[in-house]
Amino acid sequence: MDVIQAIRERHSVRNYSDRKIEADKAEAIRAKIGELNREGNLHLQFLEDAGKTFNRLMSRAMGLGSAPSVIACVGPDDEDLNERVGYYGEQVVLLAQQLGLNTCWAGTFSTKNVPAEIGQGERLVIVIAIGYGQTQGSEHRSKTPEQVSPGIDDKPEWFRFGVEMALLAPTAINQQKFEIGLSDDGTVTFTDKGGAFSRVDLGIVRCHFEAGADHMRSQE
């Protein structure tokens, strides 16, 4: 499964089986996280035992209490931390999909119960539930390409495909509050239109867009 197939097939999953993640897959996740932490100046952590991360009533009601493992998205508390967490965290999510695992970005969790290392000057932004889902999740309604990128029909194919992949990105409450533009000099712009975890969402969207654009360019 390549990254484009992973983007197409990955859906948020909230209910998990008690099956543990195999050692080789856990090691692949740790290796990827190590690489991304170095590249993105982050402190992402794969926690095989989610503990009581999802112990709040709302999380239990949503089913996340069944998630066996979690990725804690931690990093130096600077201005662009949330966006970096989205961009690099989604790369772990897509690797998980390629490994046959399921995931869910979760903004509702018990911060004090997340068994992560949070150093001085660091902040825990969000967590990602990970494990074997009871289902593979389902598709949600999506905006049209024109709604998030006005005038897209006049843009090059690589840009249009990037937007198509961006529209498959998970966003908080599926709001898709972003806009993607292309300037005359070829610069791609990503605009955050506000909302809960919107900067995390923007990082996830950028990850998807770049995967799609790079894929299409490689076909030329």
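Here, every reference points to the structure presented above.
Residues numbered from 1 in each chain as written. Predicted model: local features only at pLDDT ≥ 70, side-chain atom pairs only at ≥ 80, totals over all residues. Heavy atoms only, no water.

Another aspect to go through is the overall build of the protein chain. When its secondary structure is counted, the protein chain shows seven helices and six strands. Tracing the protein chain from N to C terminus, the helices and strands come up as α-α-β-α-β-α-β-β-α-α-β-β-α. Its C-alpha atoms give the protein chain a radius of gyration of 17 Å, within 12% of the compact-globule value 17 Å for 220 residues. Taking the principal axes of its C-alpha atoms as reference, the protein chain extends roughly 50 × 35 × 30 Å. Looking at the protein chain residue by residue over its 220 residues, the buried ones come to 49%. (Helix = DSSP H or I, 4+ residues; strand = E, 2+ residues; numbered from the N terminus. Rg over C-alpha atoms; globule rule 2.2 N^0.38 Å. Buried < 20%, exposed > 50% of the residue type's maximum accessible area, 1.4 Å probe, protein only.)

If you walk through the whole model with that rule in mind, you get one cavity of 30 Å³ or more. Considered as a void within the structure, the largest cavity measures approximately 50 Å³ in volume. Together, Thr171, Ala172, Gln175, Gln176, Lys177, Gly194, Gly195, Ala196, Ser198 and Asp201 line the largest cavity. Of the residues belonging to the lining of the largest cavity, the class tally is two nonpolar, six polar and two charged. (1 Å grid on protein atoms, 1.4 Å probe; cavity = no way out; pocket = protein on both sides within 12 Å on 5 of 7 lines; lining within 4 Å. Points joined across faces, edges and corners; volume = space filled by probe spheres on them. Nonpolar A, V, L, I, M, F, W, Y, C, P; charged D, E, K, R; others polar.)

With that settled, consider the sheet that holds strand E2 (residues 69–76). The four strands lie next to each other as E1-E2-E4-E3, forming an open sheet whose pairing is antiparallel. Edge strands, defined here as strands with exactly one partner in the open sheet, are strand E1 (45–47) and strand E3 (102–106). On average, adjacent strands in this sheet sit at an angle of 25° to one another, irrespective of strand direction. Of the strands in this sheet, E1, E2 and strand E4 (122–131) touch helix H2 (residues 23–40), which is tilted by about 160° from E1. Strand contacts of helix H4 (residues 81–98): E2, E3 and E4, with the helix running at about 20° to E4, the strand carrying the most contacts. (Pairing = 2+ DSSP bridges. Axes fitted to C-alpha atoms, helices over the stretch in contact; angles between N-to-C directions. Contact = heavy atoms within 4.5 Å.)

Here the focus is the packing of aromatic side chains. Taken as a whole and judged by the stated rule, the model has five aromatic pairs. Ring centres 6.0 Å apart and planes at 85° place the aromatic pair Trp158 and Phe159 in the edge-to-face group. The exposure class of Trp158 is buried, given its relative accessible area of 13%. The exposure class assigned to Phe159 is buried, which follows from its relative accessible area of 0%. Through a chain of ring-to-ring contacts, the aromatic side chains of Trp158, Phe159, Phe190 and Phe209 assemble into a single cluster. (Phe/Tyr/Trp six-rings, centres within 6.5 Å; stacked < 30°, edge-to-face > 60°.)

On to the pairing of strand E5 (residues 178–182). Most of E5 sits out of view: four of its five residues are buried. The pairing of E5 with strand E6 (residues 188–192) spans five bridges and is antiparallel. Of the residues in E6, the one forming a bridge with Gly181 is Thr189.

Looking at the largest pocket, its volume works out to about 900 Å³. Lining the largest pocket we find 39 residues, and of these Ser12, His140, Pro170, Thr171 and Asn174 sit closest to its centre. The set of elements that each furnish at least two residues to the lining of the largest pocket consists of helix H1 (3–9), helix H3 (57–62), E3 and helix H7 (198–218). When its volume is computed, the second largest pocket comes out at roughly 190 Å³. Around the second largest pocket, the lining residues are Val3, Lys32, Tyr87, Gln91, Leu94, Leu95, Gln98, Cys207, Glu210, Ala211 and Asp214. Those elements that place two or more of their residues in the lining of the second largest pocket are H4 and H7. At five residues, the largest contribution of residues to the lining of the second largest pocket is made by H4. A breakdown of the residues in the lining of the second largest pocket according to their chemical character gives six nonpolar, two polar and three charged.

Position of Lys155 relative to the elements: it lies in the loop between helix H5 (145–148) and helix H6 (157–166). Looking at Lys155, its side chain comes within polar contact range of the main-chain oxygen of Gly151, at 3.3 Å. Beyond its immediate chain neighbours, meaning those up to four positions away, Lys155 contacts Pro150, Arg160 and Leu182. (Polar contact = N/O pair within 3.5 Å; in protein donor to acceptor, adjacent residues only side chain to side chain.)

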